Amino acid sequence: FAPIAGHAGDAPVFLSQADSVRTAFNARFFNEEGYYDNNTVTANVLPLSFGMVPQGREEDVFKHIVDKTVNDFDSHVSTGVVGIQVLMRTLTEYGRGDLAYRIASADTYPSWGYMVRNGATTIWELWNGNTADPAMNSGNHVMLLGDLIIWEYEYLAGIRPLKPGYKEIEFKPYPVEGLSFVKCSFKSVSGEIKAEWKIEGDEFIYDVTVPKGCKARVLLPQADGTRRAVSIRSGRHTFKAGRP
């Protein structure tokens with residue numbers, strides 16, 4: 001932010017401080033077995049998301065996140081308002097979008113679906129909001145929503161802004177096991193943006209709409225795990241590739 005604020009000369013100072021903090025944090029909390037502190041999902045997902053994990057140990061930390069989530073919590077969420085802010089995106093970025101989807105679609109405790117199944121129309125402060133002490137339990141607490149909606153728009157559908165006002169857009173979808181289609185639209189200040197994909201047999205079909213006066217870059221997932229980059233301008237565009 002220093003260069004953005006017109007103080008580029010301050011950036012080296014902050015970068016140096018960041019290095020010092022990272023070194024001290026890892027010396028205090030990182031375990032050589034590949035996890036942080038008490039090995040909760042939150043303890044591991046935050047430093048992984050923030051780029052603080054020692055180089056080359058990222059997959060070790062991620063393995064502990066997955067093991068905890070799958071084996072200890074039956075593929076359910078185990079974080080509070082802090083860890084949930086980055087859980088869904090981090091799972092997807094490291095190749096476990098299927099696990100993120102299982103968490104998102106669960107309706108047994110603890111989950112967003114559990115809230116819905118128990119009559120919630122807004123997000124509770126606590127996962128057990130139906131049984132917790134009302135004195136410390138808000139019934140409309142958007143913090144616990146975490147990155148669920150961001151994950152749905154930016155990862156499942158793939159709509160991401162590259163410039164303010166969505167004048168430039170990146171379409172980077174993450175198909176996940178268990179979903180055969182996604183349909184998404186967003187009314188930006190530049191106009192309506194749409195992104196839809198579906199699986200038909202062995203084919204992945206991705207349909208996007210770019211508002212007038214805007215341009216975009218599509219990063220289309222390929223069957224071999226890579227992505228094909230395509231630059232497009234306003235209008236509707238359809239792409240096809242082998243099933244990822």
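### A look at the pattern of salt bridges
Two side chains that carry opposite charge are able to pair once their charged atoms sit near each other. What the rule picks out here adds up to 13 salt bridges. K63 is the salt-bridge partner of D67, the closest N and O atoms lying 2.8 Å from each other. Of the two residues, D67 and K63 are both situated in helix α3 (residues 58-72); the distance of four residues between them amounts to about one turn of the helix. Here D147 makes a salt bridge to R89, at a shortest N to O gap of 3.1 Å. Of this pair, D147 sits in the loop between α6 (112-117) and α7 (148-157) while R89 sits in helix α4 (residues 87-93), placing them 58 residues apart in sequence. For R89, a relative accessible area of 22% corresponds to the partly exposed category. Here the residues in one salt-bridge network are E32, R57 and D60, joined through shared partners.

### Some words on the pairing of strand β4 (residues 168-171)
Here β4 shows a buried face lined by E168 and E170 and a second buried face lined by I169 and F171. As paired strands, strand β3 (residues 159-161) and β4 are joined by three bridges and run antiparallel to one another. From the neighbouring strand, I159 faces β4, where its bridge partner is F171. Between β3 and β4, which pair antiparallel and follow one another directly, the connecting turn spans six residues, one of which, G165, has a positive phi of 75°. In this sheet, strand β7 (residues 203-221) lies alongside β4 in parallel orientation, the contact comprising four bridges. Each bridged residue has a counterpart across the sheet, and for E170 the counterpart in β7 is R217.

### Considering the environment of R217
In this structure, R217 sits in strand β7. A relative accessible area of 35% places R217 in the partly exposed class. Separated by 46 residues in the primary sequence, R217 and F171 have C-alpha atoms spaced 6.2 Å apart. For R217, the contacting residues outside a window of four places in its chain are L162, I169, E170, F171 and V230.

### Some thoughts on the layout of surface pockets
The space that makes up the largest pocket amounts to roughly 190 Å³. If you trace the largest pocket, you find 16 residues lining it, with Y174, P175, P221, R227 and P244 closest to the centre. Looking at the lining of the largest pocket residue by residue, the class counts come to six nonpolar, six polar and four charged.

### Re the pairing of strand β8 (residues 227-242)
Pairing of β7 with β8 involves 15 bridges; the strand directions are antiparallel. By the bridge assignment for β8, E203 is matched with G242. Hairpin connection of β7 to β8: five residues between the antiparallel strands, including G225 at a positive phi of 95°.

What counts and how
- Residues numbered from 1 in each chain as written.
- Predicted model: local features only at pLDDT ≥ 70, side-chain atom pairs only at ≥ 80, totals over all residues.
- Heavy atoms only, no water.
- Salt bridge = Lys/Arg side-chain N within 4 Å of Asp/Glu carboxyl O.
- Helix = DSSP H or I, 4+ residues; strand = E, 2+ residues; numbered from the N terminus.
- Buried < 20%, exposed > 50% of the residue type's maximum accessible area, 1.4 Å probe, protein only.
- Pairing = 2+ DSSP bridges.
- Contact = heavy atoms within 4.5 Å.
- 1 Å grid on protein atoms, 1.4 Å probe; cavity = no way out; pocket = protein on both sides within 12 Å on 5 of 7 lines; lining within 4 Å.
- Points joined across faces, edges and corners; volume = space filled by probe spheres on them.
- Nonpolar A, V, L, I, M, F, W, Y, C, P; charged D, E, K, R; others polar.

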